[in-house]
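Survey of secondary and tertiary structure
Residues per chain, in single letters:
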Amino acid sequence: MPITDDAGLDRLLDAETIAVVGCSTTPGKAAHDVPAYLQRQGYEVIPVNPFADEVLGERAYDAVGEVEKSIDLVDVFRPSEEVPDIVEAVRERHAGRGDAGALWLQLGISHDEAAAAAESDGIDVVQDRCLKVEHGRLRG
């Protein structure tokens, strides 16, 4: 079951490094403003956007699997229909490297089957919640 309780959400906020799939170069978009907020809160944000070289002053990667640094949490800003492929990449990374142990699907994004597959591999999952809103509510 995806994490919905405050204690579980707060535990995921202990992450230090967050890969943001779909991180946008466009200020004003949630996929830009939320990661910018996370940076201001002290998180290391790693943008994953195959159409950008750099976002928020950080090198952008084409895919989660290409990120060299260890990832604590993967934050997703892509449509729900793209979630299964993203989850598969996170599962592969988790199995191969032992990191990427948490997956956060932003507000309006969910995929129960993919979430269940990730959870079966020991990956914590949050669906249909805004990381910025939950951070502000629980730690603000």
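You'll find the structure just up there.
Residues numbered from 1 in each chain as written. Predicted model: local features only at pLDDT ≥ 70, side-chain atom pairs only at ≥ 80, totals over all residues. Heavy atoms only, no water.

Scanning the chain from terminus to terminus reveals five helices and seven strands. Listed by position from the N terminus, the elements making up the chain come as α-β-α-β-β-β-β-α-β-α-β-α. Here the chain has a C-alpha radius of gyration of 13 Å; the compact-globule value for 140 residues is 14 Å, and the two agree. A principal-axis box enclosing the C-alpha atoms of the chain has dimensions of 35 × 30 × 25 Å. Counting all 140 residues of the chain, 46% fall into the buried class. For the chain, the share of sequence-separated contacts (at least 6 apart) that also reach a separation of at least 24 residues comes to 64%. For the chain, the centre of its 13 positive side-chain charges and the centre of its 28 negative side-chain charges are spaced 4 Å apart. (Helix = DSSP H or I, 4+ residues; strand = E, 2+ residues; numbered from the N terminus. Rg over C-alpha atoms; globule rule 2.2 N^0.38 Å. Buried < 20%, exposed > 50% of the residue type's maximum accessible area, 1.4 Å probe, protein only. Contact = heavy atoms within 4.5 Å. Lys, Arg positive; Asp, Glu negative; His and termini not counted. Charge placed at Lys NZ, Arg CZ, Asp CG, Glu CD.)

Attention now goes to the sheet that holds strand S1 (residues 17-21). Pairing is parallel in the open sheet, where five strands are placed in the order S2-S1-S5-S6-S7. Each end of this open sheet is capped by a strand with a single partner; those strands are strand S2 (44-48) and strand S7 (124-126). Shown here is a sheet whose adjacent strand axes are inclined to one another by a mean of 20°, direction ignored. Pairing between S1 and S2: five bridges, direction parallel. Among the inter-strand pairings, valine 21 is bridged to a residue of S2, identified as valine 48. (Pairing = 2+ DSSP bridges. Axes fitted to C-alpha atoms, helices over the stretch in contact; angles between N-to-C directions.)

Residues of helix H4 (residues 112-120) that are buried: Ala114, Ala115 and Ala118. On an axial view of H4, the arc spanned by its buried residues comes to 100°, and they lie on one face. Away from its buried face by more than 90 degrees, H4 exposes Asp112, Glu113 and Ser120. Looking at the buried side of H4, the elements it contacts are helix H3 (83-97) and S7. (Arc of directions from axis to C-beta.)

Another aspect to go through is the pattern of salt bridges. A complete count under the given rule lists twelve salt bridges for this structure. The closest approach of N and O atoms between arginine 139 and aspartate 14, which form a salt bridge, is 2.6 Å. Here arginine 139, found in helix H5 (residues 131-139), pairs with aspartate 14, found in the loop between helix H1 (6-12) and S1; they are 125 residues apart in sequence, far enough to count as distant. The network of salt bridges with common partners includes Asp6, Arg129, Glu134 and Arg137. (Salt bridge = Lys/Arg side-chain N within 4 Å of Asp/Glu carboxyl O.)

Time to look at the environment of valine 34. With respect to the helices and strands, valine 34 occurs in helix H2 (residues 30-40). Taking the C-alpha atoms as reference points, valine 34 and cysteine 130, separated by 96 residues in sequence, lie 8.4 Å from one another. Once you skip the residues sitting within four places of it in the chain, valine 34 turns out to touch Asp75, Phe77, Gln106, Cys130 and Lys132.

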